[in-house]
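Observations on chain architecture
For reference, the chains in residue letters:
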Amino acid sequence: MSAGNVLIVCGKSEVAGSMESTLIKEGYHPVNCAHSANEARRQFFIVQPDLIIVSTPLPDEQGIDFVFDAYEKTSAGIIVMARPEQVSHMQDALESTGAMILPKPLNRLTLIQSARFALSVRSSLDQLRTERDNLKKRMDERKLIEQAKWLLVEKLNMSEPEAFRYIQKKAMDLRLPQLQVAEDIIKEHA
């Protein structure tokens, strides 16, 4: 299984290396490591991660600001590992990001299950975003066609069915999408 790009952000090289080897053994590839928040931010644009695992605190910051940046600049699933006494604070601070907050230390099985879950959630969200965008596009197109139809009703005294049929027929005759015909009608009659 290739899960896409994984970015591990951890100030401790040995911990990052251990997580990296665990994920690689489980079939995750490629797995990249950054040892500070700033290094990881630079990698957003190079790596375009599908999953980001953050072990807090980071050498250059606590990690909360980094998670917000990751949430805003990527569509990656995010797992945050925090000291047990910091988990509640991190959950409160990062609730709006949808990041999964887990107490340190993580065992191998928890890391793998969490990675799979975070990627699954990311995939579901990507599908929902795509569906939402497609629906919005179709609704916007439908609004323009309706606007053109009502302009024909007003300006050319057509009935509503006649105006809609006019748009359909013109689109077929010119081999153009109805949207383009509607846009031309709006330009001409608005």
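Up top is the structure.
Residues numbered from 1 in each chain as written. Predicted model: local features only at pLDDT ≥ 70, side-chain atom pairs only at ≥ 80, totals over all residues. Heavy atoms only, no water.

Let us look at the overall build of the protein chain. Along the protein chain, the regular secondary structure elements total seven helices and five strands. Starting at the N terminus and walking to the C terminus, you meet the elements of the protein chain as β-α-β-α-β-α-β-α-β-α-α-α. Viewed in the frame of its principal axes, the protein chain has a C-alpha envelope of about 75 × 35 × 25 Å. Within the protein chain, the proportion of its 190 residues that are buried is 41%. A separation threshold of at least 6 residues defines the contact pool for the protein chain, and within that pool the share at least 24 residues apart is 62%. Per element, the accessible surface of the protein chain, about 11100 Å² overall, is 52% carbon and sulfur. Computed over 24 positive and 26 negative side-chain charges, the inter-centroid distance for the protein chain is 4 Å. (Helix = DSSP H or I, 4+ residues; strand = E, 2+ residues; numbered from the N terminus. Buried < 20%, exposed > 50% of the residue type's maximum accessible area, 1.4 Å probe, protein only. Contact = heavy atoms within 4.5 Å. Areas by Shrake-Rupley, 256 points an atom, 1.4 Å probe, with all protein chains shown as cover. Lys, Arg positive; Asp, Glu negative; His and termini not counted. Charge placed at Lys NZ, Arg CZ, Asp CG, Glu CD.)

So, on to the pairing of strand 1 (residues 6-10). Taken across its five residues, strand 1 has five buried, putting it largely inside the fold. Residues Val 6, Ile 8 and Cys 10 point to one face of strand 1 and Leu 7 and Val 9 to the other, with burial holding for every one of them. Bridge count between strand 1 and strand 2 (residues 31-34): four bridges; the pairing is parallel. Looking across to strand 2, one finds that Leu 7 is bridged to Asn 32. Since strand 1 and strand 2 lie parallel, the crossover through helix 1 (residues 13-25) that links them has a hand, and here it is right-handed. The sheet contact formed by strand 1 and strand 3 (residues 51-55) spans five bridges and is parallel. Bridge pairing links Leu 7 to Ile 52 in strand 3. (Pairing = 2+ DSSP bridges. Right-handed = clockwise from strand over helix to strand, strands pointing away.)

Moving on, we get to helix 2 (residues 37-47). Count 3.6 residues to each turn of an α-helix, and residues three or four apart come out pointing the same way. Taken residue by residue, helix 2 has Ala 37, Ala 40, Arg 41, Gln 43, Phe 44 and Val 47 as its buried positions. The buried residues of helix 2 occupy an angular sector of 165° when projected down its axis, which confines them to one face. Turned more than 90 degrees away from the buried face of helix 2 sit Arg 42, Phe 45 and Ile 46, all of them exposed. On the buried face of helix 2, the contacting elements are strand 1, strand 2, strand 3 and helix 3 (64-73). (Arc of directions from axis to C-beta.)

Among the structural elements, Leu 106 can be located in the loop between strand 5 (100-103) and helix 5 (108-156). Assessed through its relative accessible area of 22%, Leu 106 is described here as partly exposed. Spatially, the C-alpha atoms of Leu 106 and Met 19 are 9.5 Å apart, while their sequence positions differ by 87 residues. For Leu 106, the residues in contact, after removing those within four places along its chain, are Met 81 and Leu 111.

The next point concerns the nonpolar core. By size, the foremost hydrophobic cluster in this structure holds 22 residues, and its most contacted members are Val 9, Ile 52, Phe 66, Val 67 and Val 80. For this core, the secondary-structure elements that each account for two or more residues are strand 1, helix 2, strand 3, helix 3, strand 4 (77-82) and helix 4 (87-94). By residue number, the principal contributor to this core is helix 3, which donates four residues. When neighbours within four sequence positions are excluded, Ile 52 is seen to be in contact with Leu 7, Val 9, Phe 44, Phe 66, Ala 70, Thr 74, Ala 76, Gly 77, Ile 78 and Ile 79. (Core = buried A, V, L, I, M, F, W, Y, C linked by side-chain atoms within 4.5 Å.)

Our next topic: the sheet that holds strand 1. Strands sit in the order 2-1-3-4-5 across an open sheet of five strands; the sheet is parallel. For this open sheet the edge positions go to strand 2 and strand 5, each flanked by a neighbour on one side alone. Going across the sheet, the axis of each strand differs from the next one's by a mean of 20°, ignoring polarity. Pairing analysis gives four bridges linking strand 4 to strand 5, with the strands arranged parallel. Bridge pairing in strand 5 places Ala 82 opposite Pro 103. Strands strand 1, strand 2, strand 3 and strand 4 of the sheet are contacted by helix 1, whose axis makes an angle of about 160° with strand 1. (Axes fitted to C-alpha atoms, helices over the stretch in contact; angles between N-to-C directions.)

These figures come from the coordinates and say nothing about function on their own.
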